[in-house]
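# A closer look at the structure
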Amino acid sequence: MKVIDKIHKSEQEGRPFWSFEYFPPKTPQGVQNLYDRMERMQRYGPEFIDVTWGAGGTSADLTTEIVATAQSVYGLETMMHLTCTNMPVKQIDDALEAAKNCGCQNILALRGDPPKGQANWESCKEGFEHADDLVRYIREKYDDYFCIAVAGHPEGHIDNPDKEDDLLQLKKKVDAGADLVVTQLFFDIDSFLTFYKKARAIGITVPILPGVFPIQNYTGLKRVISFNNNFVPQKIWDDLEPIKDDDTAVKEYGINLTVEFIKKFREVGINGFHIYTFNLERSSRLILERLSLMAPVESIKPLPWNPSLTSKRAKENVRPIFWKNRAKSYIQRTETWDEFPNGRWGDSRSPAFGELDGWGINLKYPVEQCIEMWGNPTTVDDIAQTFARYCKGQIAGIPWSAQQLDAETDIIRQRLAAINLLGYLSINSQPAVNGVKSSHSVYGWGPKNGYVFQKAYLEFFVSPEKLDELIEKVAKNPQVTYYAVNKQGDLRTNTQSDEPNAVTWGVFPGKEIVQPTIVEAVAFMAWKDEAFELWNRWARIYERESESAELILDITKSWYLINIVHNDFQDENGIWRLFDLEIDGEISRKLLQSNTVAR
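Residues numbered from 1 in each chain as written. Predicted model: local features only at pLDDT ≥ 70, side-chain atom pairs only at ≥ 80, totals over all residues. Heavy atoms only, no water.

### Topic: empty space enclosed by the protein
- In the structure shown here, the tally under the stated rule is 5 cavities of 30 Å³ or more.
- Each pocket or cavity is described by its volume, and for the largest cavity that value is around 150 Å³.
- Contributing to the lining of the largest cavity are 16 residues, with N325, L405, I427, N428 and S429 lying nearest its centre.
- Those elements giving two or more residues to the lining of the largest cavity turn out to be α15 (380-391) and β10 (425-430). (1 Å grid on protein atoms, 1.4 Å probe; cavity = no way out; pocket = protein on both sides within 12 Å on 5 of 7 lines; lining within 4 Å. Points joined across faces, edges and corners; volume = space filled by probe spheres on them. Helix = DSSP H or I, 4+ residues; strand = E, 2+ residues; numbered from the N terminus.)

### Examining the pairing of strand β12 (residues 451-454)
- Where strand β11 (residues 433-437) meets β12, 4 bridges bridge the pair, whose relative direction is antiparallel. From the neighbouring strand, N434 faces β12, where its bridge partner is F453.
- As paired strands, β12 and strand β16 (residues 501-507) are joined by 4 bridges and run antiparallel to one another. Bridge pairing links Y451 to V507 in β16. (Pairing = 2+ DSSP bridges.)

### A few points about the packing of helix α2 (residues 28-41) against helix α3 (residues 60-72)
- Where α2 meets α3, the axes come as close as 11 Å, and the angle between the chain directions of the two elements is 30 degrees. The angle between α2 and α3 falls in the class roughly parallel. The hand of the α2/α3 crossing is right-handed. Within the contact between the two elements, α2 uses V31, L34, Y35 and M38 and α3 uses L62, E65, I66, T69 and A70. (Axes fitted to C-alpha atoms, helices over the stretch in contact; angles between N-to-C directions. Parallel < 35°, antiparallel > 145°, perpendicular 65-115°, else oblique. Left-handed = near helix turned anticlockwise from the far one by under 90°. Contact = heavy atoms within 4.5 Å.)

### Considerations on the packing of α15 against helix α16 (residues 413-421)
- Where α15 meets α16, the axes come as close as 8 Å, and the angle between the chain directions of the two elements is 175 degrees. Our classification of the angle between α15 and α16 gives roughly antiparallel. Each of A384, Q385, F387, A388, Y390 and C391 in α15 lies in contact with α16, whose residues at this interface are R413, L416, A417, N420 and L421.
- For the contact of α15 with α16, the class distribution of residues is 8 nonpolar, 2 polar and 1 charged. (Nonpolar A, V, L, I, M, F, W, Y, C, P; charged D, E, K, R; others polar.)

### Details of the nonpolar core
- Grouped together as the largest cluster of nonpolar side chains are 181 residues, with contacts concentrated most on F265, W374, W400, F461, W535 and W538.
- A total of 11 residues in this core trace back to one element, the largest contributor, which is helix α18 (residues 521-539).
- For W535, the contacting residues outside a window of four places in its chain are I383, F387, W400, L425, F461, I552, I555 and T556.
- In this structure, V433, Y443, W445 and V514 belong to the second largest nonpolar core, which totals 9 residues. (Core = buried A, V, L, I, M, F, W, Y, C linked by side-chain atoms within 4.5 Å. Buried < 20%, exposed > 50% of the residue type's maximum accessible area, 1.4 Å probe, protein only.)

### Description of the sheet that holds strand β8 (residues 272-276)
- Within the closed barrel, the 8 strands sit side by side as β1-β2-β3-β4-β5-β6-β7-β8. Their pairing is parallel. Mean inter-strand twist for the sheet, computed between neighbouring axes without regard to direction, equals 30 degrees.
- Bridging between strand β1 (residues 17-22) and β8 involves 5 bridges; their strand directions are parallel. Within β8, the residue paired with F20 across the bridge is I275.
- This element, helix α4 (residues 89-101), spans β3 (78-83) and β4 (106-110) of the sheet and lies at about 175 degrees to β3.

### A look at helix α6 (residues 163-175)
- Taking 1.5 Å of rise per residue, the 13 residues of α6 would be expected to cover 18 Å, and the 18 Å separating its terminal C-alpha atoms lies within 8% of that figure.
- Here α6 has its buried residues at D166, L167, L170, K173 and V174. Down the axis of α6, the buried side of the element spans an arc of 110 degrees, and every buried residue falls inside it.
- On its buried side, α6 packs onto α5 (131-142), β5 (147-152), β6 (180-185) and α7 (189-201). (Expected span 1.5 Å × (residues − 1). Arc of directions from axis to C-beta.)

Taken by themselves, the reported measurements are silent on function.
See the structure below:
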């Protein structure tokens, strides 16, 4: 969707809106951490995000990758920066096609800064001289496909000392076809308001989004303003002087200053703003909270998972639950599919999942951090302790999930830790939910005034001996269904049908029942290859002949992956009774050993 259409909709509804800017990190781990942060910040409800472009396309491939991932995996409407610096037309064409192919319909067209080491900006051969040339080219070649944004400079462009002329240059960019203006950051609110009034006075009618930067620390502020010689009013320097060595106090000041700015925007009828996050999260969240600007649930979570914004997946509304914590690999496994029949992910009648080779399985953390989190296990109990620590939030991730557990697992967190300590190594779960409002802050999703439901679900690795014991218990409970498989593909199940089992659904006014999350045999068999391969990746962080590697590889070869669904969603404790006999006898000792008291 084009950002300008979203902005017009927000303005018609009379509601405020906001957006976030990110830049491509310099390291692979930084990129992964940025993805995790973007996914969390998606919950704050930005209308869009934008991703910067290095001078001369120095970060072009990474920018394109981040844009594509944001669109397809995290369902974030994304705007891609594009500059004229060192960019001949051929490279610009390639960049625009890459954006279009991943479903991105939004471009921030910039002249750009001089390349690193070069004092003055110069156009390249077969390139463009000014941003309005780039805007005009995009509009001529792609007509109305892209929403095009351009930069505004409240204090005037650093290369143009004449502020009045700089405003005329902005009008040229708008007249060339720009849909909106995003301003550079500023710290003088009066300069911005003067700029805004003058822009309107000369006929710039498109939306103007003020760009705000929450001050993070004193030296960082000095560095940021050096880029464009921004003016900082003396009052801000005076306020910062007594606290300049206290980063926490400076951050707090920056948050409050930004809140004050946004309130002044609203006084003159500006409902939207753009936050320069500098890839940081906390200040942006606190600004929105203090302004009571958290987006409604139906805007943030139209489905329990983030819908992809790529065109071929536009109608996809059903996914297997197995990739809940690894959405990126699911998207990549199915990206070559040419259809999603009836909005579904596909079933045994649809194309097969993509092969493991070619899309990559990784641990998402560098080796040193993996060892710091997971240690050097030599017994199954050591590994069980690692899984339990993850469930209790004491470590950042495990191979099957690189982020902390969702808030919905808080009510089952202690039980998850307990079953892990008993040797059931969990990698996915959800509690039973019996008809909570779709606006619920934790479980809610979908349109307003609806109700959502979940069946209790557990997925874990288990030894063959414990599997046999567990299946005996399952056989006594007709409400429980399961699939269990080892690395070799030996499948055990008590289901009598290959039909998908809906484990999440919603009932909304004027709609059919929506069943977005399922358990299904074909998908489970595709997932098991990935799930077991992650054990191999874990083993590889150790020396091949080490006890840790041998232990993990033994688990890989002999243990089973099992998923269990308790189909009575009204019985919130039903799935846990499968483990109660063991838990009653050992839970206190096990949890006390891991410094936790069970309740």
